[in-house]
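# Observations on the model geometry
Here's the letter readout for the chains.
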Amino acid sequence: MAKSPKYSRIPTPEEIAAFTGMHCARKYRDAVESGWRCPSCGRSAQQLIRWTEIRGLAWRAKFGDEYGMGFTITLAEHHCHGGGRFRPTVICGDCNSADGAVKRKWHLPESWSFSPQELALFVSVAPHSGQTRIDHALAMEIFKRQSSGLFF
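Report on the accompanying structure. (Residues numbered from 1 in each chain as written. Predicted model: local features only at pLDDT ≥ 70, side-chain atom pairs only at ≥ 80, totals over all residues. Heavy atoms only, no water.)

Next up on the list: the packing of aromatic side chains. Scanning the entire structure with this criterion turns up 6 aromatic pairs. Ring geometry for tryptophan 112 and phenylalanine 114: centres 5.6 Å apart, planes at 90°, overall edge-to-face. The exposure classification of tryptophan 112 matches that of phenylalanine 114, with both residues buried. Plain terms: the ring middles of phenylalanine 114 and phenylalanine 122 are 5.0 Å apart, the flat faces sit at 70° to each other, and that makes the pair edge-to-face. Given a relative accessible area of 0%, phenylalanine 114 falls into the buried group. Taken together through their ring pairs, the aromatic side chains of Trp112, Phe114, Phe122 and Phe143 make up a single cluster. Sitting over the face of the ring of tryptophan 51, arginine 9 holds its NZ or CZ atom 4.6 Å from the ring centroid. The side chain of lysine 105 reaches across the aromatic face of tryptophan 106, ending 5.3 Å from its centre. (Phe/Tyr/Trp six-rings, centres within 6.5 Å; stacked < 30°, edge-to-face > 60°. Buried < 20%, exposed > 50% of the residue type's maximum accessible area, 1.4 Å probe, protein only. Lys NZ or Arg CZ within 6 Å of the ring centre and 35° of its normal.)

All right, on to the nonpolar core then. Nonpolar side chains tend to gather and get buried jointly when the protein is soluble and globular. Among the nonpolar cores identified, the biggest contains 33 residues, and Phe114 and Phe122 are the most heavily contacted of them. No other element matches the 4 residues that helix H6 (residues 136-147) contributes to this core. (Core = buried A, V, L, I, M, F, W, Y, C linked by side-chain atoms within 4.5 Å. Helix = DSSP H or I, 4+ residues; strand = E, 2+ residues; numbered from the N terminus.)

Another aspect to go through is the pattern of salt bridges. In total, this model carries 7 salt bridges according to the counting rule given. One salt bridge connects aspartate 94 with arginine 50, and the closest N-O pair in it is separated by 2.5 Å. Here aspartate 94 is found in helix H4 (residues 93-106), whereas its partner arginine 50 is found in strand S1 (residues 50-53), with 44 residues between them in sequence. The class for aspartate 94 is buried, based on a relative accessible area of 10%. Close ionic contact of glutamate 53 with arginine 60 constitutes a salt bridge, the shortest N to O distance being 2.3 Å. You can call arginine 60 partly exposed: its relative accessible area is 29%. (Salt bridge = Lys/Arg side-chain N within 4 Å of Asp/Glu carboxyl O.)

Within the element layout of this structure, proline 13 appears in helix H1 (residues 13-18). The spacing of proline 13 and arginine 87 is 74 residues in sequence and 34 Å in space, taken between C-alpha atoms.

In structure tokens:
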């Protein structure tokens with residue numbers, strides 16, 4: 001059997017029930033117990049579980065198959081890198097990465113961060129997938145409006 005491609009497997013209900021959260025174990029457990037959903041993409045903690053290459057030798061040995069593939073999750077504490085436009089908020093790793101991707105594409109200031117609510121307007125991710133869709137033009141429009149003092 002060859003290495004399976006990223007995001008090619010949807011976890012079964014049994015795999016979801018057995019999933020521990022790996023490096024995000026405490027955040028994952030708290031998210032499941034509270035019914036948390038990512039405030040940006042709306043996915044539940046269980047919908048963040050995805051099949052991908054596991055990074056780190058110790059994590060691979062513990063959670064990966066013979067090719068280093070396994071189910072993972074990423075939860076991040078998203079915060080404003082500048083003027084405190086919003087409070088730190090737990091969001092999924094895909095939405096947190098989208099913030100950085102937009103800033104790199106448009107060369108936005110490092111001190112700027114999109115709020116979780118702003119990310120919700122231009123980011124979408126399907127359940128059990130790391131394939132993020134970003135409306136870059138809308139993101140730039142939001143940045144222009146917010147950075148000019150107008151509120152969206």
